[in-house]
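Chain and residue survey
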2 protein chains.
Amino acid sequence: MSSNYLIIMAGGAGTRFWPFSRQNFPKQFHDILGTGSTLIQQTAERFEGICPQENIYVVTSREYYDITREQLPFLTDDQILLEPGRRNTAPCIAYACFKIAKINPNANVVVAPADHIILKPEEFRRRLTLALDYSQNADVLVTLGITPTRPDTGYGYIQFDDSDDQEVKKVKTFTEKPNLEIAKMFISSGDYVWNGGIFIWSMPSILKALDNYLPEIADAFREAQPHFFTEGEKEALDMAYPRCRSISIDNGVMEKAENVYVVLCDIGWSDLGTWKSLHENSEKDEVNNVVSCYSMLYNVEDSILKMPKDKLVVVKDLKGYIIAEHDRVLMICPKEDEQLVKEFVAKAEEFGKHYI
Amino acid sequence: MSSNYLIIMAGGAGTRFWPFSRQNFPKQFHDILGTGSTLIQQTAERFEGICPQENIYVVTSREYYDITREQLPFLTDDQILLEPGRRNTAPCIAYACFKIAKINPNANVVVAPADHIILKPEEFRRRLTLALDYSQNADVLVTLGITPTRPDTGYGYIQFDDSDDQEVKKVKTFTEKPNLEIAKMFISSGDYVWNGGIFIWSMPSILKALDNYLPEIADAFREAQPHFFTEGEKEALDMAYPRCRSISIDNGVMEKAENVYVVLCDIGWSDLGTWKSLHENSEKDEVNNVVSCYSMLYNVEDSILKMPKDKLVVVKDLKGYIIAEHDRVLMICPKEDEQLVKEFVAKAEEFGKHYI
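Quick summary incoming for the structure in this document. (Residues numbered from 1 in each chain as written. Chains lettered and ligands numbered in written order. Predicted model: local features only at pLDDT ≥ 70, side-chain atom pairs only at ≥ 80, totals over all residues. Heavy atoms only, no water.)

**As for the pairing of strand 4 (residues 108-113) of chain A**
Residue and element names in this part refer to chain A. Spelled out, the test is: Residue exposure (1.4 Å probe, protein chains only): buried if accessible area is under 20% of the type maximum, exposed if over 50%, otherwise partly exposed. Helix numbering and strand numbering both begin at the N terminus, where a helix is a DSSP run of H or I of at least 4 residues and a strand a DSSP run of E of at least 2. Between any two strands, at least two bridges found by DSSP are needed for them to pair.
A large share of strand 4 lies buried, amounting to 6 of its 6 residues. Burial of the side chains of strand 4 extends over both faces: N108, V110 and A112 are buried on one face and V109, V111 and P113 on the other. Bridge count between strand 1 (residues 4-9) and strand 4: 6 bridges; the pairing is parallel. The partner of I7 across the bridge, within strand 4, is V111. Alignment of strand 4 against strand 9 (residues 192-202), held across 4 bridges, turns out to be antiparallel. Each bridged residue has a counterpart across the sheet, and for V110 the counterpart in strand 9 is I200.

Right, dumping it as structure tokens:
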């Protein structure tokens, strides 16, 4: 029996892909690249041969229970963890770890976001296996470090110790979203990688780290633990969550711990956090358009048409635009202005909750 | 009892407002200006006080029977004339006239398209009353001539005899869609008006004119006439229509007859034949946008958003565009290129009948 477990974090309600990604149907549940499976389905599939399906746990919001069941029908109710509130990744991971620990205190655990893409799954599995081998019997916290391809200022960077030839590198520092100048220095230095947000650790290691660095969160879930896998789980969570502050596992644990390691990966990773990254990672026509519907395009280039599949869209004379529609909202906006989407969403709420 | 009758021609399947106007739901059945009533409803309402509702006859296609009943519920089945095919306006008018003639051979008849707008209905009724008074007891064919406001090359022009001060002017010539140079000459000459496509005549006059200028069409409907208002009407029409060539009443009768008169009108008329005319005739915001839905517009000017009412549309950086959506089709096109809509429709059919 495999002791490898997977925790998929699927509670986000990201609005960066609004109007496509919506509060009641966020990005991770969309087939955003038009490949035939949704991001969360791709995430689960990616671990085939590494984690058996009965060892996959999804942490999400109660409102996404139905979509999760529908998209990952192999999950039992025990494998769908419903957070009563959003508290960033640390409480999410703590909940899942204390739950899995109850049935397997020696689990070897991978934590992965539901909404990233990895274009080289074979290579991903090779590097992940390396990380799992490393974490299994050592008191270490391992993360996947993505070989950077550009000085992106939207990512976190990990500096690693390059002094020996080990395949698993000791982490020196974490830096969140540097400015462009610093990002360029990081890239040229050669000892920085992007933080891929995928973590690997043994159960004893993560529980110890939580106790050390986030004791109030560890306590909250340790007290709730006796109720996990029972009818009292929901009530216990309703008690535990208000005791947790909202904090990421990176801030709360990884940046503080001394035993953090990184496995360098070149796996075609993207967090698909922007329309630009969606454009980059999607199949394009000969004039650089990404199109998800029936279309008649006249003098349209370098644009994204993210529309319901059965829609016919006729466009003339637009370059570098996002044209996106979902459930009663249409957005037509230059790609360059995608940072405005947040403002759009805030303003859209004035027209009604169902528009966001 | 009034002897005034109204024939509304509502068989068109105009595609110029595609994707809004569609084969199964053409323009005349849309509330295209967002006023709360559709074009055909406005047309019928416009004749209040002139033609009693029981004297209103609508000629349309069989496929629009249901919409017609729904939108003009006062009509009996006898008042909804269903053409078995499209043969332009002459057969349409001949059918309606022979039908009305069967119950009132001395009817005084107005023929009006279902899809025009008239912004000054009071003035329209005054001029129409003048025309009806003139036609009632004379062997004349009267048309409404619209005071032109620009050298439009899309309209028909009527030259009238300005030699006396009569309110009803004798018509000299008809000219269809002149080029711009000629249109400008017409305007500056002062004795040309636009052909509004609204005709007024007594029943004896139109039947005589049909006999004279379109005898084969007159014969077809005269032979069908005994079956009108009976169960045999549909079968009789299926016999009559194939005998008719496709020809407009303008070409077939008005341009040939000697007894044609025009009543000059300044009534805020438009045939709403183009997106440009829709833009002109609609309420605009302070930067000249016509908007039919919830919207958030950033640096958008001089554009038309013709969208489903409950849609929220966010647009940035577009000027002079048409953004129109209806039933699975979205079009985003510069207003200047609206003549391409015909091509769009032809091409759209390749994706499926339901897109046109």
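Now, onward.
**Here we look at the relation of the copies chain B and chain A**
Let me state the cut-off plainly: Copy-to-copy alignment: least squares on C-alpha atoms, limited to residues at pLDDT 70 or above in both. Should any heavy atoms of two residues lie within 4.5 Å, those residues are counted as being in contact.
In screw terms, the move from chain B to chain A is a rotation of 180° and a rise of 0.2 Å along the axis, fitting with an RMSD of 0.1 Å. The transformation relating the two chain copies, once decomposed into turn and shift, fits a two-fold axis. The share of interface residues of chain B whose copies in chain A are also at the interface is 100%, consistent with both copies meeting through the same surface.

**Description of the interface of chain B and chain A**
Just so we agree on the cut-off: Note: buried area is the sum, over both parts, of the accessible area (probe 1.4 Å) each one loses when the two are combined. Definition used for salt bridges: Asp or Glu carboxyl oxygen within 4 Å of a side-chain nitrogen of Lys or Arg. Here a polar contact is taken to be a pair of N or O atoms separated by no more than 3.5 Å, where protein atoms must pair a possible hydrogen donor with a possible acceptor and residues adjacent in sequence count only if both atoms sit in side chains.
Contacts between the two partners involve 32 residues from chain B and, on the opposite side, 32 residues from chain A. A buried area of about 2,800 Å², summed over both sides, lies between chain B and chain A, and 67% of it is on carbon and sulfur atoms. Residue K316(B) is joined to D337(A) by a salt bridge in which the shortest nitrogen-to-oxygen separation is 2.6 Å. Inspection of the region where chain B meets chain A yields 20 residue pairs in polar contact (both at pLDDT 80 or more). Among the elements of the structure, strand 13 (294-301), strand 15 (312-319), strand 16 (321-326), strand 17 (329-334) and helix 11 (341-348) of chain B are those that each provide at least two residues to the side of chain B that touches chain A. In terms of residue count, the dominant contributor to the side of chain B that touches chain A is strand 15 of chain B (7 residues). Taken together, the 4 bridges between strand 17 (residues 329-334) of chain A and strand 15 of chain B define a ladder with parallel strand orientation. Its bridge partner being in strand 15 of chain B, V329(A) is matched across the sheet by L312(B).

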